[in-house]
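# Geometric and topological summary
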Amino acid sequence: MNSIQKMQLMYILPNLFTAASAFLGVISIISSIQGNYFKAIIYIILSLILDGLDGRVARLTKTTSKFGVEFDSLADLVAFGVAPAILFYLTVGAKFGRFGALIAAMFVVFGAIRLARFNVTTGTYEPNVFIGLPIPSAAIIGVLWVGVYLKHEFLYGFEWCLILLEAVLAILMVSNIRYPSFKKMNLKQTHVMRILVALVVVFSMLYLYPYESATFFMSVYMLYGIIRAAIMFSKNHKKKESE
């Protein structure tokens, strides 16, 4: 195999992960339609893993391209926009009729806006933050809460909380609230031992209570951005008053 063929293969590899992510998104939609809701959730989680790998593979092999960026966005819209919205509507949204359909559709549309904005603004702000809640995070938070709802019968009757959450997730995606990005985290400047201990605790909780723990940690991530934005708004407001 000559160098040109190797280079072509290297360009195919990250896009293959992206294609697999989109494929799992479609399989998740089919599983939701068939009533296999927990399978649908698992497929979306697996799609998230593949989505994280495609970018890293592209950076490691130095094969990032405009095609790859656009393909990744389209795959994300399927796996983290349409698939979670279908799951949400069939499990919760359908109970609210047209309003439930509206919230599901709003999640997909706002997710598409979030992806488009990310593509055109990348490089214009600090790389260690996201402007607005990333669509994969919004998708995972939504589907995990659906999983907890389906798993625990005592939550039946609180569907209005889930439909409110879905609406909040959609709005957070197109907001200007900043969320931390762990892609550019520099371990040399952090306490590695503390991170190791924290990861052990996190994985232990995930082992014991997978759905509940994952839902808790992802919800904390979502709330972190909201609380941080509220604190910054309060500080800026006080600063203006003092001036």
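Predicted model only: the values in this text are computed from it and were never measured.

## A word on the UniProt feature "transmembrane region" (unreviewed entry) in the protein
- Within this numbering scheme, the UniProt entry marks residues 12-31, 37-53, 74-92, 98-116, 128-148, 154-179, 191-209 and 215-233 as carrying the feature "transmembrane region" (unreviewed entry).
- Along residues 37-53 one finds 100% helix and 0% strand; the C-alpha atoms at either end are 25 Å apart.
- As annotated, residues 128-148 has a helix share of 67% and a strand share of 14%, and its two end C-alpha atoms lie 31 Å apart.

## Side note on the pattern of salt bridges
- Counted under the stated rule, the structure contains one salt bridge.
- With a shortest N-O distance of 3.5 Å, Lys-151 and Glu-212 are connected by a salt bridge. Of this pair, Lys-151 sits in helix H5 (residues 135-151) while Glu-212 sits in helix H8 (residues 210-242); the two residues are 61 residues apart in sequence, bridging distant segments of the chain.

## Section: the packing of aromatic side chains
- The final tally for this structure, using the stated rule, is six aromatic pairs.
- Aromatic pair Phe-216 and Phe-217: ring centres 5.5 Å apart, planes at 65 degrees, arrangement edge-to-face.
- Given the relative accessible area of 52%, Phe-216 is considered exposed.
- The class for Phe-217 is partly exposed, based on a relative accessible area of 28%.

## Thoughts on the packing of helix H3 (residues 66-91) against H5
- Interaxial distance between H3 and H5 falls to 9 Å at its minimum, and their mutual angle equals 25 degrees. When the axes of H3 and H5 are compared, the pair comes out roughly parallel. The two elements H3 and H5 meet at a crossing, and its hand is left-handed. Where H3 approaches H5, its residues Asp-76, Phe-80, Gly-81, Pro-84, Leu-87 and Thr-91 are matched on the opposing element by Ile-135, Pro-136, Ala-139, Val-143, Val-146, Tyr-149 and Leu-150.

## Describing the side chain of Asn-15
- With respect to the secondary-structure elements, Asn-15 resides in helix H1 (residues 3-33).
- Those residues within four positions of Asn-15 in sequence are excluded, and the remaining contacts are Phe-67, Gly-68 and Phe-71.

## Section: the nonpolar core
- With 42 residues, the main nonpolar core has Leu-133, Leu-169, Tyr-179 and Met-222 as its most contacted residues.
- For this core, the secondary-structure elements that each account for two or more residues are helix H2 (37-60), H3, helix H4 (98-121), H5, helix H6 (159-173) and H8.
- Tallying contributions element by element places H5 first for this core, with ten residues.
- Excluding anything up to four places from it in sequence, Tyr-179 contacts Asn-128, Val-129, Phe-130, Gly-132, Leu-133, Leu-172, Tyr-221, Met-222, Gly-225 and Ile-226.

## Comments concerning the environment of Ala-139
- Note that Ala-139 resides in helix H5.
- As a C-alpha pair, Ala-139 and Ala-85 span 54 residues in sequence and 8.4 Å in three-dimensional space.
- Discounting residues that sit within four places of it in the chain, Ala-139 has contacts with Phe-80, Pro-84 and Phe-107.

## Digging into a nonpolar patch on the surface
- Among the surface-exposed residues, Met-193, Leu-196, Val-197, Val-200, Val-201, Met-205, Tyr-207, Leu-208 and Tyr-209 lie close enough to one another that they form a single nonpolar patch of about 970 Å² accessible area.
- Following the sequence through the fold, Leu-208 ends up in helix H7 (residues 192-208).

## Quick notes on H5
- Over its 17 residues, H5 extends 24 Å from the first C-alpha to the last, a length consistent with the 24 Å expected when each residue adds 1.5 Å.
- Counting buried residues in H5 gives 14 out of 17 residues, a clear majority hidden from the surface.

## Points about the packing of H2 against H5
- Two numbers describe how H2 lies on H5: the axes approach to 10 Å, and their chain directions differ by 155 degrees. When the axes of H2 and H5 are compared, the pair comes out roughly antiparallel. Crossing handedness for the pair H2 and H5: left-handed. Of the residues in H5, those touching H2 at Tyr-37, Phe-38, Ile-41, Ile-44, Ile-45, Leu-48 and Asp-51 are Pro-136, Ile-140, Val-143, Leu-144, Gly-147, Leu-150 and Lys-151.

## Quick look at the confidence of the model for the protein
- This prediction gives the protein a mean pLDDT of 86; 87% of its residues lie at or above 70.
- Across the protein, the secondary-structure element scoring lowest on mean pLDDT is H1, at 81, and the one scoring highest is H6, at 95.

## Observations regarding the side chain of Thr-91
- Residue position: Thr-91 is located in helix H3.
- Its relative accessible area of 4% is what places Thr-91 among the buried residues.
- There is a polar contact of 2.7 Å between the side chain of Thr-91 and the backbone oxygen of Leu-87.
- When sequence neighbours within four positions are dropped, the list of residues in contact with Thr-91 reads Tyr-37, Val-146, Tyr-149 and Leu-150.

How each quantity is defined
- Residues numbered from 1 in each chain as written.
- Predicted model: local features only at pLDDT ≥ 70, side-chain atom pairs only at ≥ 80, totals over all residues.
- Heavy atoms only, no water.
- UniProt positions renumbered as here; feature names shortened; annotations may be inferred.
- Helix = DSSP H or I, 4+ residues; strand = E, 2+ residues; numbered from the N terminus.
- Salt bridge = Lys/Arg side-chain N within 4 Å of Asp/Glu carboxyl O.
- Phe/Tyr/Trp six-rings, centres within 6.5 Å; stacked < 30°, edge-to-face > 60°.
- Buried < 20%, exposed > 50% of the residue type's maximum accessible area, 1.4 Å probe, protein only.
- Axes fitted to C-alpha atoms, helices over the stretch in contact; angles between N-to-C directions.
- Parallel < 35°, antiparallel > 145°, perpendicular 65-115°, else oblique.
- Left-handed = near helix turned anticlockwise from the far one by under 90°.
- Contact = heavy atoms within 4.5 Å.
- Core = buried A, V, L, I, M, F, W, Y, C linked by side-chain atoms within 4.5 Å.
- Patch = residues over 30% accessible without salt bridge, like charges linked within 9 Å, V, L, I, M, F, W, Y side chains within 5 Å.
- Areas by Shrake-Rupley, 256 points an atom, 1.4 Å probe, with all protein chains shown as cover.
- Expected span 1.5 Å × (residues − 1).
- pLDDT = per-residue confidence, 0-100.
- Polar contact = N/O pair within 3.5 Å; in protein donor to acceptor, adjacent residues only side chain to side chain.

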